Amino acid sequence: MAQWQTPEALRTLLCELVGWHSRTLTEGEIEFPRKLMEKMKGIPYFTEHPQQLKLGEADLGRSFLTALYKHPQAKKTIVLISHFDTVSTEEYGVLEALAFNPEALTKELPQYAAELHPEAKKDLEAGTFLWGRGTMDMKAGLAVHMAIIEKAAEEGWPVNLVLLTVPDEEVNSSGMRAAVTALNDMRDEHGLTYTLFLNGEPVFSQNPTDTAYKVYSGSIGKIMPSALFYGKETHVGEPLSGLTSSFMASFLTRKMEWNPLFRESDQGESTPLPITLLQEDLRLNYSAQTPFGTVAMYNVFTMKRSASDVMNTFEEVAREAAAECNEWYRALCEREGIPAIGDVSVLRYGELLRYAELKMGREYIEALKQDIRSYHGDDREKSFKLADTLLIDCQELTPAIVLMFTPPYYPAVNTSDHPLVKRLIEKVTDEAMKSFQLDVEQIHYFNGISDLSYVNFKDEHHGWTVYEENTPVWKTTYSIPFEAMSSLDAPVLNVGPFGKDAHKRTERLHMESAFVKTPAFVEVVIREVMSEG
């Protein structure tokens, strides 16, 4: 009755999954888990236990799927985590119609080989990769998990397995954030003991020429300190009567971009330096009025630092930037012989919110939050809209820089020192060398960002409360179940297939890695957990 236990069958399964269009925020993403549930019913175990296939509600009509294989004598439980949403496909150009058809795209690409970069062209000629959106990131990982749960159920492995696949990993991870509660409920309902959270994200290169196979014992954190700059408007014909927010923003952006104060190092690995993700004027249309509202978002990666640590450093840098801005502005006023509008101040969003509540009342704040729910923008735009509206009503605080966090937030997670993780990596390393003459490299922090961030949460000093206080849309349109995450305290590991160029036109999956090696490695991991103790 086995369907997916050969490389050829696994390849066919992957191509079917890729063919189910599931770009983030599309109808395909909504339909995908429903189709997958029907597919999973083809496994005899789930035909007999249909109640152990469940859809859970995320947001915007999207769902996550859980499939529980439960052995009657087992307590140990491994959660197999994947996501099924993909990024968009516009960059495929004339080949976009084939982006979700790996077999056809792989056959068609040689006609466009001249357009590929040298490394991709070389891989195309080798014929060892399957091309297409979602092949690498990350439907191959899902396909491997489907095959392994099918095998475990058929052979009656003495372990419990939860297949969890979620939407929205590519944007806000609403799927995984919602699934945290479901995992806790499932544990309590079925008496499970979570022993390992095993993700199937693909192997990401550390640099453009890196082709080493890796397993990951943690996942890097990502947080977005952001700012609203509010100056003083004027007509372009009277430039000295105002202070442009773009002028103010330039000082902080220059100090944030590539700032080594935000770099962390742990176990021989370092976070990439921060960079600006967005900087724009809040005006919707052109006019001769100078810009007085500008927003900026900065990407910061973390390993050990909490949200509180990041905000403290961000505020330190912002105060330095404001001091430089004020110095330049005062020099301008002296040179032109004009009175200064005032110094640029720095405050956190939490401070602005408390000030506005004292001034205008709690009811006004609550009504504003309700209004923002129907605002047309995403969570980042809603964050800036909230802060901007409050500051418009509190202009006595301006000119000012308001510091905040905008979603999403991925806390770092790392269990490299856990005894089980050490044994599992040793087993995978031995299997890779014995069966495939393949070296395995351990990476302590998965650099592609993953949903593992929402399990095994550790924050002894409650730095997450600073995130809550300074995220404008907190508990309005965005939240993170920090306490529920902390109760999912099993170690984490990522074992996935090798591929290249995630989120690019040249996204591709190494076929032998995906259909032969990775299934063997995942089975080794599960069998070691089964045999432990």
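This text follows the structure it describes.
Residues numbered from 1 in each chain as written. Predicted model: local features only at pLDDT ≥ 70, side-chain atom pairs only at ≥ 80, totals over all residues. Heavy atoms only, no water.

Describing helix 8 (residues 245-256)
At 3.6 residues per turn, the α-helix brings residues three or four places apart onto the same side.
Then, number 1: Taking 1.5 Å of rise per residue, 12 residues should cover 16 Å, and helix 8 covers 17 Å from first to last C-alpha, within 8% of that figure.
Then, number 2: All buried positions along helix 8 are accounted for by Ser245, Met248, Ala249, Phe251, Leu252, Thr253, Lys255 and Met256.
Then, number 3: Residues of helix 8 that are buried in the fold lie against strand 10 (225-230), strand 13 (275-281), strand 14 (293-302), helix 9 (307-336) and strand 16 (400-405).
Then, number 4: Downstream of helix 8 by a residue or two, tryptophan 258 has a phi angle that is positive, lying close to 60°. (Helix = DSSP H or I, 4+ residues; strand = E, 2+ residues; numbered from the N terminus. Expected span 1.5 Å × (residues − 1). Buried < 20%, exposed > 50% of the residue type's maximum accessible area, 1.4 Å probe, protein only. Contact = heavy atoms within 4.5 Å.)

Side note on the layout of surface pockets
Then, number 1: Of the volumes computed, that of the largest pocket is approximately 830 Å³.
Then, number 2: Lining the largest pocket we find 37 residues, and of these Phe204, Asn447, Gly448, Ala502 and His503 sit closest to its centre.
Then, number 3: For the lining of the largest pocket, the secondary-structure elements that each account for two or more residues are helix 6 (135-155), strand 14 and strand 20 (499-500). (1 Å grid on protein atoms, 1.4 Å probe; cavity = no way out; pocket = protein on both sides within 12 Å on 5 of 7 lines; lining within 4 Å. Points joined across faces, edges and corners; volume = space filled by probe spheres on them.)

Section: the environment of valine 402
Then, number 1: Here valine 402 shows up in strand 16.
Then, number 2: Judged by relative accessible area, valine 402 falls into the buried class, the value being 0%.
Then, number 3: Each C-alpha atom of the pair valine 402 and proline 118 lies 45 Å from the other, and the pair is 284 residues apart in sequence.
Then, number 4: Those residues within four positions of valine 402 in sequence are excluded, and the remaining contacts are Ser226, Ala227, Leu228, Leu347, Arg348, Tyr349, Leu352 and Leu391.

Remarks on the nonpolar core
Then, number 1: By size, the foremost hydrophobic cluster in this structure holds 91 residues, and its most contacted members are Phe197, Leu252, Ile401 and Tyr467.
Then, number 2: With residues near it in sequence (within four places) discarded, isoleucine 401 still touches Ala227, Leu228, Phe229, Met248, Leu252, Ala322, Val344, Ser345, Val346 and Leu347.
Then, number 3: Of all hydrophobic cores here, the second largest spans 83 residues; its members include Phe129, Leu198, Tyr213 and Met530. (Core = buried A, V, L, I, M, F, W, Y, C linked by side-chain atoms within 4.5 Å.)

Describing the sheet that holds strand 4 (residues 129-131)
Then, number 1: Ordered by their spatial adjacency, three strands build an open sheet running 4-21-20, and the pairing between neighbours is antiparallel. Where the open sheet ends on each side, the last strands, each with one partner, are strand 4 and strand 20.
Then, number 2: Of the strand pairs in this sheet, strand 20 and strand 21 (residues 508-510) are connected by two bridges, and their pairing is antiparallel. Directly across from glycine 499, in strand 21, lies its bridge partner leucine 509.
Then, number 3: Lying over the sheet, helix 5 (residues 118-126) contacts strand 4, strand 20 and strand 21, oriented at roughly 115° with respect to strand 4.
Then, number 4: Taken strand by strand, helix 6 contacts strand 4, strand 20 and strand 21, and its axis lies near 45° from that of strand 21. (Pairing = 2+ DSSP bridges. Axes fitted to C-alpha atoms, helices over the stretch in contact; angles between N-to-C directions.)

Remarks on the pairing of strand 1 (residues 53-57)
Then, number 1: Where strand 1 and strand 2 (residues 63-69) come together, five bridges link them in antiparallel fashion. Looking at strand 2, one finds that lysine 54 is bridged to threonine 66.
Then, number 2: Counting the residues between successive antiparallel strands, the hairpin from strand 1 to strand 2 contains five residues, one of them, leucine 60, with a positive phi of roughly 55°.

Quick notes on the side chain of serine 513
Then, number 1: As for its placement among the helices and strands, serine 513 is situated in helix 16 (residues 511-531).
Then, number 2: With a relative accessible area of 4%, serine 513 lands in the buried category.
Then, number 3: Residue contacts for serine 513: discarding those within four places in its chain leaves Tyr213, Pro497, Phe498, Thr518 and Pro519.

Some words on the pattern of salt bridges
Then, number 1: Under the defined criterion, the tally for this structure stands at 35 salt bridges.
Then, number 2: For arginine 362, the salt bridge goes to glutamate 366, with nearest N and O atoms at 2.6 Å. Placement of the pair is arginine 362 and glutamate 366 together in helix 11 (residues 362-373), with a separation of four residues, close to one helical turn.
Then, number 3: Looking at arginine 362, the relative accessible area reads 41%, which means it is partly exposed.
Then, number 4: By relative accessible area, glutamate 366 is classed as partly exposed at 31%.
Then, number 5: We note a salt bridge from glutamate 523 to arginine 527, for which the minimum N-O separation is 2.9 Å. Residue glutamate 523 and its partner arginine 527 are located together in helix 16, separated by four residues, close to a single helical turn. (Salt bridge = Lys/Arg side-chain N within 4 Å of Asp/Glu carboxyl O.)

A look at the packing of helix 11 against helix 12 (residues 379-392)
Then, number 1: In the contact formed by helix 11 and helix 12, the axes pass within 10 Å of each other and the chain directions differ by 145°. The interaxial crossing formed by helix 11 with helix 12 has right-handed handedness. Contacts between helix 11 and helix 12 pair Tyr364, Ile365, Leu368, Ile372 and Arg373 from the former with Lys382, Lys385, Leu386, Thr389 and Leu390 from the latter.
Then, number 2: Residues of the contact of helix 11 with helix 12, tallied by class, amount to six nonpolar, one polar and three charged. (Left-handed = near helix turned anticlockwise from the far one by under 90°. Nonpolar A, V, L, I, M, F, W, Y, C, P; charged D, E, K, R; others polar.)

Side note on the side chain of threonine 389
Then, number 1: Topologically, threonine 389 is positioned in helix 12.
Then, number 2: Among the polar contacts made by the side chain of threonine 389, one reaches the main-chain carbonyl oxygen of lysine 385 at a distance of 2.8 Å.
Then, number 3: The residues contacting threonine 389, other than those within four sequence positions of it, are Tyr364 and Leu368. (Polar contact = N/O pair within 3.5 Å; in protein donor to acceptor, adjacent residues only side chain to side chain.)

A look at the environment of glutamate 119
Then, number 1: For glutamate 119, the position within the fold is in helix 5.
Then, number 2: Residues glutamate 119 and lysine 369 lie 250 residues apart in sequence; the distance between their C-alpha atoms is 50 Å.
Then, number 3: Once you skip the residues sitting within four places of it in the chain, glutamate 119 turns out to touch Lys500 and Arg508.

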